Amino acid sequence: MDKCELKNYTGVPIPEGVSDVVARFMRYVQVWSTSNPNNSDEVPSSPMQFDMARMLEKDLLKLGCLDVAVSDHAYVTATVPASAGAEDLPALGLCGHMDSAPDAPGKGVRPHIVHYEGGPLVAGIVDGKPVQTTPEMVPDLEKFVGMDIVCSDGTTLLSGDDKAGVAEIMALIARLQADPTIPHPTLKIAFVPDEEIGHGAELLDIDKFGAKWCYTVDGGALGEINYETFSASEVNITIKGVAVHPGEGKNILVNAITLAHQFDALVPANERPEHTEGYEGFFMPTEISGNESEIKMQYIIRDFNNEKFAVREQLMRDVAEFLNKRYGEGTIEVSIRPEYRNMAERLVGLDFLIDHAIEANHEAGVADVRCVAARGGTDGSQLTFRGLPCPNLATGAYGMHSIREFVPVPSLETMVDVLQNLVAYFAVPQKEE
């Protein structure tokens, strides 16, 4: 691969002898492409995502893809022509996102490969202390004894979410180019920005994209398949206080900080992420800023059940109304922005999409294949509701959004096999219910 000269590229050499997907992955994670939640009105929210888009554009052109384009909003799209005999079949989409989560540092990622021998997996030593993942933290770690694992150096996240998925899709395209006899329909490729802050595939022109079905490659452990996700909304709250010198505050001062505490105390404490699992929804405060005059707060709301989800949204309005009756109308303002919805209700009757994904994993030698309700969202949620059915596949990544993120090398490589098996299923007509 050509040496990357991007300003926001770390420049860590790729080890010799690694497989194509590992080389691509280690190269892609070095591009700083963190999305910016404080600039969410613009797409992309951070200009660095164009660096990632241009790198992918160059790689897609090298691989002989058609219709390669980068939009004004940093969406990368391309077409992989069908194998012989599959030209007239519906196109299949594959989608990943280019941005990294803003939850941990994403600038200056320096990937390296650790040969794991058991015990704690040490990504690096920072300030004299090991940044490590233990088998107690990630029980699956014991499965990887004797394997190579890609980590950051412990100062940043790795960006396996979702550059592992991007690398796996790109490695599949390279494999199809090298061997045109591998069966597959026309493939429509999309790499999108700002998934981590709720935008993702929002501006993808589905009609122009041209796929009938699609898969995102944006999941976790190898073998996991997601066709259920949370429904999600972002709640923005503005609390307006009445400021006055504290020495003269009796019966006048209304401290916005105190009201923020009261608001949060009225949101069920046992329905927070730290107390929920499985199909249980939650409320989560994510941001707070301001002073006694004005506070701005942000929550996220999640639930699998639409009725319970609506109740959660209404509870936030009810808390504001209750406090406004006490402190005066307009003291607290609540606005709710929908982010995505549970895709399961729109995938009814499309069981073959899941069945093909399960069989593709089994054929690649993945023993533990399971459908998991994703306690999060993917671009597939949004695409499915916009009319493009789109389950989500694994990437093999663990510890996402943290400096302890890691991806086993065999998982990266196996997912390319899974994708190859999967696209072959769509090289014949589908029996839809």
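Residues numbered from 1 in each chain as written. Predicted model: local features only at pLDDT ≥ 70, side-chain atom pairs only at ≥ 80, totals over all residues. Heavy atoms only, no water.

The name given to the chain in an unreviewed UniProt entry is Peptidase T, with the source organism recorded as Atopobium deltae.

K.L.:
I tried to follow the side chain of S83 on my own but got confused; where do I start?
P.N.:
Position of S83 relative to the elements: it lies in the loop between β2 (76–80) and β3 (92–97). Using a relative accessible area of 5% as the deciding quantity, one classes S83 as buried. Of the polar contacts made by the side chain of S83, one reaches the backbone nitrogen of H184; its length is 2.9 Å. (Helix = DSSP H or I, 4+ residues; strand = E, 2+ residues; numbered from the N terminus. Buried < 20%, exposed > 50% of the residue type's maximum accessible area, 1.4 Å probe, protein only. Polar contact = N/O pair within 3.5 Å; in protein donor to acceptor, adjacent residues only side chain to side chain.)

K.L.:
It is not clear to me how the sheet that holds strand β17 (residues 406–408) should be interpreted in this structure. Could you clarify?
P.N.:
To summarise the sheet geometry, strands pair through backbone hydrogen bonds and adopt either a parallel or an antiparallel arrangement. An order of β4-β7-β17 is seen for the three strands of this open sheet, with the pairing classed as antiparallel. Where the open sheet ends on each side, the last strands, each with one partner, are β4 (112–115) and β17. With strand direction ignored, the average angle separating the axes of adjacent strands in the sheet is 30°. As paired strands, β4 and strand β7 (residues 148–151) are joined by four bridges and run antiparallel to one another. Looking at β7, one finds that I113 is bridged to V150. The strands that helix α1 (residues 20–28) touches are β4, β7 and β17; relative to β4, the one it contacts most, it runs at about 125°. (Pairing = 2+ DSSP bridges. Axes fitted to C-alpha atoms, helices over the stretch in contact; angles between N-to-C directions. Contact = heavy atoms within 4.5 Å.)

K.L.:
Where do I start with the sheet that holds strand β11 (residues 231–240) in this structure?
P.N.:
Strand order in the open sheet formed by four strands is β12-β13-β11-β14, and the pairing between neighbours is antiparallel. With one partner strand each, in any of the chains shown, β12 (282–290) and β14 (332–340) form the two edges of the open sheet. Taken pair by pair, the neighbouring strands of this sheet meet at an average axis angle of 20°, ignoring direction. Sitting on the sheet, helix α6 (residues 306–327) touches β11, β12, β13 (294–303) and β14, and the angle it makes with β13 is about 160°.

K.L.:
Looking at this structure, how should I read the pattern of salt bridges?
P.N.:
Side-chain pairing between opposite charges can occur once the charged atoms of the two side chains come close. The tally for this structure, following the rule as stated, stands at 18 salt bridges. For E339, the salt bridge identified is with R302, shortest N-O distance 3.0 Å. Separated by 37 residues along the polypeptide, E339 in strand β14 and R302 in strand β13 bring together distant segments of the chain. When sorted by exposure, E339 lands in the same class as R302, which is buried. (Salt bridge = Lys/Arg side-chain N within 4 Å of Asp/Glu carboxyl O.)

K.L.:
Explain the packing of α1 against helix α2 (residues 49–62) to me, please; I cannot follow it from the model alone.
P.N.:
For the pair α1 and α2, the least separation of the axes is 12 Å and the interaxial angle reads 155°. Taken as axis vectors, α1 and α2 run roughly antiparallel relative to one another. Contacts between α1 and α2 involve R24, R27 and Y28 on the former and, on the latter, M52, M55, L56 and D59. Across the contact of α1 with α2, the residue classes tally to four nonpolar, no polar and three charged. (Parallel < 35°, antiparallel > 145°, perpendicular 65-115°, else oblique. Nonpolar A, V, L, I, M, F, W, Y, C, P; charged D, E, K, R; others polar.)

K.L.:
Help me understand the domain arrangement of the chain in this model?
P.N.:
By a frequent convention, interface size equals the accessible area lost on bringing the separate parts together. Taken domain by domain, the chain comprises domain 1 (20–228 + 343–426) and domain 2 (231–340). Put simply, the middle of domain 1 and the middle of domain 2, counted by C-alpha atoms, are 34 Å apart. On the side of domain 2, twelve residues touch domain 1, which itself brings twelve residues to the contact. Summed over both sides, the interface between domain 1 and domain 2 buries roughly 870 Å², with carbon and sulfur atoms accounting for 43% of that surface. In this structure, the connection of domain 1 to domain 2 is made through six residue pairs in polar contact (both at pLDDT 80 or more). Of the residues that constitute the side of domain 1 that touches domain 2, the class distribution is three nonpolar, six polar and three charged. (Domains from an automatic or database assignment. Buried area = accessible area lost by both parts, 1.4 Å probe.)

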